[in-house]
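Here is what each chain is made of, one letter per residue.
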Amino acid sequence: MDARISVSTKEVSQGLDVANEEELASQSKLLKEFASLSTIDRAWVFESDNGGSSRAMFSIGQPNLLGNKKRTHVLSSHIAKESNGSVSFQWAPFPVEMSGVSTIVPSPSGQKMLVIRNQENDSPTQFEIWGPSQMEKEIHIPKSVHGSVYTDGWWFEGISWSSDETLIAYVAEDPFPSKPVFDGLGYKKTGSTEDCNSWKGQGDFEEDWGETYSGKRRPGLFVVNIISGDVHIVDGISKSLSVGQVVWAPKNDDLDKYLVFVGWPSDCGSEKIVRKLGIKYCYNRPCALYAVKASVHKPETDKLETKGDRTEDMTAAINLTQDISSAFFPRFSPDGKFLVFLSAKSAVDTGAHSATDSLHRIDWPSDGKPHISLKLVDVVPVVKCAEENCFPGLYCSSFLCNPWLSDGQTMIMSSYWRSSQVIISVNVLSGRVSRVTPNSSASWNILALDGDNILSVSSSPVELPEIKYGYSIERKEWNWLDISSPVSKCSMKVRSMLSSLQFSVMKIPVRDASVDLTDGAKTPYEAILVSSKTRKSGACDPLIVILHGGPHSLLLTNFSKNHAFLSTLGYSLLIVNYRGSLGFGEEALQSLPGKVGSQDVNDVLAALDHVIEMGLADPSKVAVVGGSHGGFLTTHLIGQAPDRFVVAAARNPVCNLALMVGTSDIPDWCYVEAYGGSEGKNYFTEAPSLDHLHVLYNKSPISHLSKVKTPTLFLLGAQDLRVPVSNGLQYARALKENGVEVKVIVFPNDVHGIDRPQSDFESFLNIGVWFNKHFQ
């Protein structure tokens, strides 16, 4: 394991005491039970040769604590469909581990599989093409052609097979420009080679895309011919664009085929901004859909070639969405007649890092030749204020590669619906949205389509993820089958512990609703309460208030290993989706910017009061924990309500906006949340004035520091670019200076999420031990 830095006012030189060691040993055994559980990350379904069955392939993730990385394996199943409507899954006896694999992408027919291995240092990237029984082609692509292929699962990842399965378009890091070379005599002229008597200099600094993209300057677009092994750079894309999410356009009569991709400008679409800003989790970065000719060549040789350059010419990419500020997740209909995409225009236009999405359609030209005057059709608009129990708007974090039912006009997707995730259908011609999953409080996530049937996974805070198979009768009513799988296996100990828990979703009325508030901002928000089914002698278990980051995100009614661990320690959990969270309509979300540190704090306290008034919590036994903006709220709460919380824990918390604005990869976030929406966007500058710093400081938890007396645990990632480690350290040191009991753990190699297996394990183990210590 990596070295850890741990500082405590009571344990600076003494190390762990015996009681602490026993507690760590006991809780670590319990946490290991949860940490070792597998998760279903992705799935693919392929038609079988006989018509009554299909084949499924699941990508399964499991933490490898000793190796400190995620272990990925593939598990296959045969899906048999009987004439009486029953469905059975026949699982392979063992999974196959994908060791050293960056990503796998099956071809549309399921007859081929692309395996990509991104290599470290100067080793080439490896492309492997597998058939049903063996590897058919191996292509090594040197760093001089491009760097690592983007497999981040976020903005820039894009790998697409052509319809004839001979070409693959993908996104990879452009090759780094050459660096200056020096030797004992000084600078060596261009063209000279490096040897043992010389060294490479650093060259000019180049901006990257921030958190988790350190060193990633520009994702570029490439095409590989898997027959010849030829690789070429796609011409006509401006150097000012970073690309991602590429898909092949429908066939046309031209020799050249078209690609559609998403492009992000380096200046984030603003003349004021002179650099790339952090993009991870940030939907407020302007982007557009572009079409470009793939310029597919037919090489005469079978050797690796690199063709094309970055020049602007007659093949320049065409901006298809000039009339809208955001366009991503492009998907063509099965017949190729229209292109559908998602938009985060609300986030871009208001500056909120995430907001309510909208869905749009472009009718694709019948001749297959795109142009800039294609008409955009609104399919699902932004929902401002949802009626009770009605569709609250689109909140989609991903699309399937093939999201279409057989009618060619109905998409199936997952979306947030208040505190749950559900599966919905959208008719892209009529705009009709229907909820597909049952009206339960559990959360559902789509994995793949099996024809007109749905393969999904369902879970709740007290139920492990289970595979569900959905089928409909004339697409009017969906029925769901429980599918037994090896993935959902767990120990009897875990299953017994979870069976003793229950959860409910509570509606929390807005206190002191001002007449100036929008209707959406006046509607109740929600909190998820997880508790024991039985009480000991009528007393309430200690309560942990859990707060999400963002602030424009949410915590769902799905299964969380870490939350389940805390529950089984004997705590009730109150998970608050305060106003500003996703899933509740745009008016509720936009009510928070400009009011952070007040409205969100009051919403959390109102939710806490709500469960106390219902007799579900003891006001003298309350803890609070949160990360990022949840850490901002945690440290605000122990300052503004110092008598309400026995103990606290904060993961990479925002404690001082005036410090963060000069060190974060998203300084604009500080302005938008402190000042509010467009006002914050207009004020944003890389050189804050004294007045700006005054406002940012007063909005921050550090302005209430003198009132804090709650023992607080800080968990900090030293490589965090989003909320740099200096933010938490400054606040923790100031608390210690004031005599407050503090414990700090810094993870030297972790970024904002602190989600590497060992770091995640140690974080929640210490949270459990810290809370138990202060509730004894």
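In this text the structure is predicted, and so the values were computed from the model without any measurement.

1. Re the overall build of the chain
For step 1, the next point in the chain: Scanning the chain for helices and strands turns up 14 helices and 41 strands.
For step 2, the next point in the chain: For the chain, the C-alpha radius of gyration of 27 Å lies close to 28 Å, the compact-globule estimate for 776 residues.
For step 3, the next point in the chain: Dimensions of the chain, computed from the C-alpha atoms along their principal axes, are close to 85 × 80 × 55 Å.
For step 4, the next point in the chain: By sequence separation, contacts in the chain at least 24 residues apart represent 65% of the contacts at least 6 residues apart.
For step 5, the next point in the chain: Of the roughly 32,600 Å² of accessible surface on the chain, 50% is carried by carbon and sulfur atoms.
For step 6, the next point in the chain: Across the chain, the centroid of the 72 positively charged side chains sits 3 Å from that of the 87 negatively charged ones.

2. Side note on the nonpolar core
For step 1, the next point in the chain: With 139 residues, the main nonpolar core has Leu221, Leu259, Leu320, Leu359, Val545, Val576 and Phe645 as its most contacted residues.
For step 2, the next point in the chain: For this core, the element with the most residues is helix H7 (residues 599-613), which contributes seven residues.
For step 3, the next point in the chain: Setting aside chain neighbours within four positions, we find valine 545 in contact with Leu574, Val576, Val604, Leu608, Val622, Ala623, Val624, Val625 and Phe645.
For step 4, the next point in the chain: In this structure, Leu37, Leu501, Ala564 and Val625 belong to the second largest nonpolar core, which totals 40 residues.

3. With respect to helix H10 (residues 667-675)
Residues that lie three or four places apart on an α-helix share one face, since the helix turns once every 3.6 residues.
For step 1, the next point in the chain: For H10, a buried count of nine out of nine residues is recorded, marking the element as mostly surrounded by other parts of the structure.
For step 2, the next point in the chain: Buried residues of H10: Pro667, Asp668, Trp669, Cys670, Tyr671, Val672, Glu673, Ala674 and Tyr675, and no others.
For step 3, the next point in the chain: In this structure, the buried side of H10 is in contact with helix H2 (345-350), helix H8 (629-640), helix H9 (657-660), helix H11 (677-683) and helix H12 (690-698).
For step 4, the next point in the chain: Looking at the residues trailing H10, positive phi occurs at glycine 676, about 105°.

4. Looking at the packing of H10 against H12
Each pair of packed helices can be described by the angle between their axes along with the distance between the axes.
For step 1, the next point in the chain: Direction vectors running N to C along H10 and H12 enclose 70°, while the axes themselves pass 10 Å from each other. In terms of axis orientation, H10 runs roughly perpendicular to H12. Seen from above, H10 lies across H12 with left-handed handedness. Where H10 abuts H12, its residues Cys670, Tyr671, Ala674 and Tyr675 lie against Asp691, His692, Val695 and Leu696.
For step 2, the next point in the chain: Split into classes, the residues belonging to the contact of H10 with H12 amount to six nonpolar, one polar and one charged.

5. Observations concerning the UniProt feature "domain: Peptidase S9 prolyl oligopeptidase catalytic" (unreviewed entry) in the chain
For step 1, the next point in the chain: Per the UniProt record, the feature "domain: Peptidase S9 prolyl oligopeptidase catalytic" (unreviewed entry) sits at residues 558-776.
For step 2, the next point in the chain: Secondary structure content for residues 558-776 is 46% helix and 13% strand, and the end C-alpha separation is 30 Å.

6. A short note on the sheet that holds strand S29 (residues 433-435)
For step 1, the next point in the chain: Strand order in the open sheet formed by three strands is S27-S28-S29, and the pairing between neighbours is antiparallel. With partners counted over all chains shown, the strands left at the sheet margins are strand S27 (410-417) and S29, one partner each. Sheet twist, expressed as the mean angle between neighbouring strand axes with direction ignored, is 35°.
For step 2, the next point in the chain: Pairing of strand S28 (residues 420-427) with S29, which is carried by three bridges, proceeds in the antiparallel orientation. By the bridge assignment, isoleucine 424 is partnered in S29 with arginine 435.

7. Let's talk about the side chain of asparagine 652
For step 1, the next point in the chain: As for its placement among the helices and strands, asparagine 652 is situated in the loop between strand S39 (647-651) and H9.
For step 2, the next point in the chain: One polar contact links the side chain of asparagine 652 to the main-chain carbonyl oxygen of histidine 752, over a distance of 2.9 Å.
For step 3, the next point in the chain: Contacts of asparagine 652, omitting those with residues within four sequence positions, involve Ser628, Leu715, Leu716, Gly717, Asp720, Val723, Val751, His752 and Ile754.

8. Topic: the confidence of the model for the chain
For step 1, the next point in the chain: Within the chain, residue pLDDT values average 90, and 93% of them lie at 70 or more.
For step 2, the next point in the chain: Contacts for the low-pLDDT stretch residues 297-314, under 50 throughout, to residues beyond four places or in other chains number 46 contacts.

9. Focus on the packing of helix H5 (residues 561-568) against helix H14 (residues 757-775)
For step 1, the next point in the chain: Where H5 contacts H14, the axes come no closer than 10 Å and their chain directions differ by 25°. Judged on the interaxial angle alone, H14 and H5 are roughly parallel. When you trace H5 past H14, the crossing you get is right-handed. On H14, the residues that touch Asn562, Phe565 and Leu566 of H5 are Asp760, Phe764, Ile767 and Gly768.

10. Quick notes on H8
For step 1, the next point in the chain: The end-to-end C-alpha distance of H8, which contains twelve residues, comes to 16 Å, matching closely the 16 Å that a straight helix rising 1.5 Å per residue would cover.
For step 2, the next point in the chain: Summarising burial for H8: eleven of the twelve residues are buried, a large majority.
For step 3, the next point in the chain: If you check which residues of H8 are buried, you get His629, Gly630, Gly631, Phe632, Leu633, Thr634, Thr635, His636, Leu637, Ile638 and Gly639.

11. Concerning the sheet that holds strand S20 (residues 288-293)
For step 1, the next point in the chain: Strand order in the open sheet made by the four strands is S18-S19-S20-S22, with antiparallel pairing throughout. Of all strands in the sheet, those with a lone pairing partner are strand S18 (241-248) and strand S22 (318-319), marking the two edges.

Analysis parameters
- Residues numbered from 1 in each chain as written.
- Predicted model: local features only at pLDDT ≥ 70, side-chain atom pairs only at ≥ 80, totals over all residues.
- Heavy atoms only, no water.
- Helix = DSSP H or I, 4+ residues; strand = E, 2+ residues; numbered from the N terminus.
- Rg over C-alpha atoms; globule rule 2.2 N^0.38 Å.
- Contact = heavy atoms within 4.5 Å.
- Areas by Shrake-Rupley, 256 points an atom, 1.4 Å probe, with all protein chains shown as cover.
- Lys, Arg positive; Asp, Glu negative; His and termini not counted.
- Charge placed at Lys NZ, Arg CZ, Asp CG, Glu CD.
- Core = buried A, V, L, I, M, F, W, Y, C linked by side-chain atoms within 4.5 Å.
- Buried < 20%, exposed > 50% of the residue type's maximum accessible area, 1.4 Å probe, protein only.
- Axes fitted to C-alpha atoms, helices over the stretch in contact; angles between N-to-C directions.
- Parallel < 35°, antiparallel > 145°, perpendicular 65-115°, else oblique.
- Left-handed = near helix turned anticlockwise from the far one by under 90°.
- Nonpolar A, V, L, I, M, F, W, Y, C, P; charged D, E, K, R; others polar.
- UniProt positions renumbered as here; feature names shortened; annotations may be inferred.
- Pairing = 2+ DSSP bridges.
- Polar contact = N/O pair within 3.5 Å; in protein donor to acceptor, adjacent residues only side chain to side chain.
- pLDDT = per-residue confidence, 0-100.
- Expected span 1.5 Å × (residues − 1).

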